[in-house]
Amino acid sequence: MTTPLALRARAEAEAARLPPLLARAEHLAGTVLLGEHGRRRAGLGDDFWQYRPAQPGDPAHRIDWRRSARGDQQFVREREWQIAQSVMLWVDRAASMRFSSDKGLPEKGDRARLLALALSVMLIRGGERVGLTGATLPPRRGNAQLERLAAIFVDDDASDYGTPEARGMIPHARAVFISDFMGDVAPVHAALTKAADRGVRGLLIQVLDPSEEAFPFQGRTVFESIGGTLSHETLKAGDLRGRYLQRLAARKDELAQLCRATGWQYHCHHTGDSAQAALLWAWRAMDQGAVR
């Protein structure tokens, strides 16, 4: 049985992981927000947003006559949309995400957590609600929600490959799934189809290690899953490269086609690339695909 001292030591070790993750996520979000506008848009609300030139079909009561009196053109006074969007996250925490081919590279899971939490920071700052798929953490706003997300993200899953969680999808919400998607693809099909049936659109971000793209192996090699349940030994690893790359390309194409069919957007990110670039893509994709 776990003793109180051992439990406290484990709890303190886990808690110590939260501030660095939150700090990194806040910093990453800040670097992107510096060059980007927020997610404000015209719509129903009380706060003034901007003036725009009147267009054919605009009703007379929408025209701001005081602003229009300053010149020869008529202007419409637009208000900021104030209906918060719910964004549901699923971040793969299975054993395969603990892979890194080089000490200088982050694990796939670390990059996935960082991207998910940094995107959450940006969304919550923009007035959105963020939560997890399933019943673990409903969408909420505020810094306390970021701490809850970080606490869940640092826990690992014992399974070899993650299975997307599609329960608890709020109709017409947005969603973000982040994984290496190297396991069985059938649950991914089921999750995105279920989401699409509920009017949920989102982003599917595949995180891969550079070696998983290049397959640099030669000679005698033992391939093992991180969880230790799968193992394959070969004397000529180089002979497998062509078939492996073909299957990887087929998997990526299948994911991309699935996203097109369900109204989602697909992006492949490598841990050797900038996390900022991936976050910027996600931020812009969320804005471009937002359904209001």
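Just so you know, the residues in each chain are numbered from 1, in the order the chain's sequence is written. At least 70 in pLDDT is required for a residue's local features to be given in this predicted model, at least 80 for side-chain atom pairs to be given and counted, and no such filter applies to totals for whole chains, interfaces and linings, which use all residues. Only heavy atoms go into the side-chain values, all of them from the structure, while hydrogens and water stay out.

You'll find the protein chain entered in an unreviewed UniProt entry as DUF58 domain-containing protein, with Lutimaribacter pacificus given as the organism.

(A) Looking closely at the overall build of the protein chain. Secondary structure is summarised from DSSP: a helix means a run of H or I of at least four residues, a strand means a run of E of at least two, and numbering begins at the N terminus for each. Helix and strand counts for the protein chain come out as eight helices and nine strands. For every residue, the accessible area obtained with a 1.4 Å probe (protein chains only) is divided by the maximum for its type, and the residue is called buried under 20%, exposed over 50%, and partly exposed between those limits. Relative to its full complement of 292 residues, the protein chain shows a buried share of 41%. The criterion used for residue contact is that any of the two residues' heavy atoms lie within 4.5 Å. Sequence-distant contacts, at least 24 apart, represent 73% of the contacts inside the protein chain between residues at least 6 apart. Using a 1.4 Å probe, the Shrake-Rupley method yields the accessible areas, and only the shown protein chains count as cover for residues. Total accessible area computed for the protein chain in this model is approximately 15600 Å², and 51% of it derives from carbon and sulfur atoms.

(B) Summary view of the nonpolar core. Counting residues in hydrophobic clusters, the biggest one holds 42 residues, and the most contacted among them are Leu89, Leu117, Leu149, Phe153, Val176, Ile178 and Leu279. Among the elements of the structure, helix H1 (4–33), strand S3 (86–91), helix H3 (108–125), strand S4 (129–132), helix H4 (143–153), strand S5 (174–179), strand S6 (201–208) and helix H8 (275–288) are those that each provide at least two residues to this core. Sorting elements by how many residues they give to this core places H3 first, with 11 residues. Those residues in contact with Phe153 that lie beyond four places of it in its chain are Leu89, Val91, Arg93, Arg113, Ala116, Leu117 and Leu132. To form a nonpolar core, buried Ala, Val, Leu, Ile, Met, Phe, Trp, Tyr and Cys residues must be joined to one another through side-chain atoms within 4.5 Å. Counting 19 residues, the second-largest nonpolar core is a separate cluster that includes Ala166, Ala173, Ala191 and Leu258.

(C) Structural view of the pairing of strand S8 (residues 231–234). Strands are treated as partners if at least two bridges between them are detected by DSSP. Here strand S7 (residues 221–224) runs beside S8; their pairing, made up of four bridges, is antiparallel. Counterpart to Val222 in the pairing with S8 is Glu233. The hairpin turn running from S7 into S8, its antiparallel successor, is six residues long, and Gly228 in that turn takes a positive phi close to 85 degrees.

(D) Highlighting the side chain of Arg111. With respect to the secondary-structure elements, Arg111 resides in helix H3. For the charge count, each Lys or Arg is scored as positive and each Asp or Glu as negative, with His and the chain ends excluded. Just to be clear on terms, a salt bridge is a Lys or Arg side-chain nitrogen sitting within 4 Å of an Asp or Glu carboxyl oxygen. Asp110 provides the closest opposite charge to the buried, unpaired Arg111, separated from it by 5.7 Å. Setting aside anything within four residues of it in sequence, one finds Arg111 in contact with Pro106, Val207, His269, His270, Thr271, Asp273, Ser274 and Ala275.

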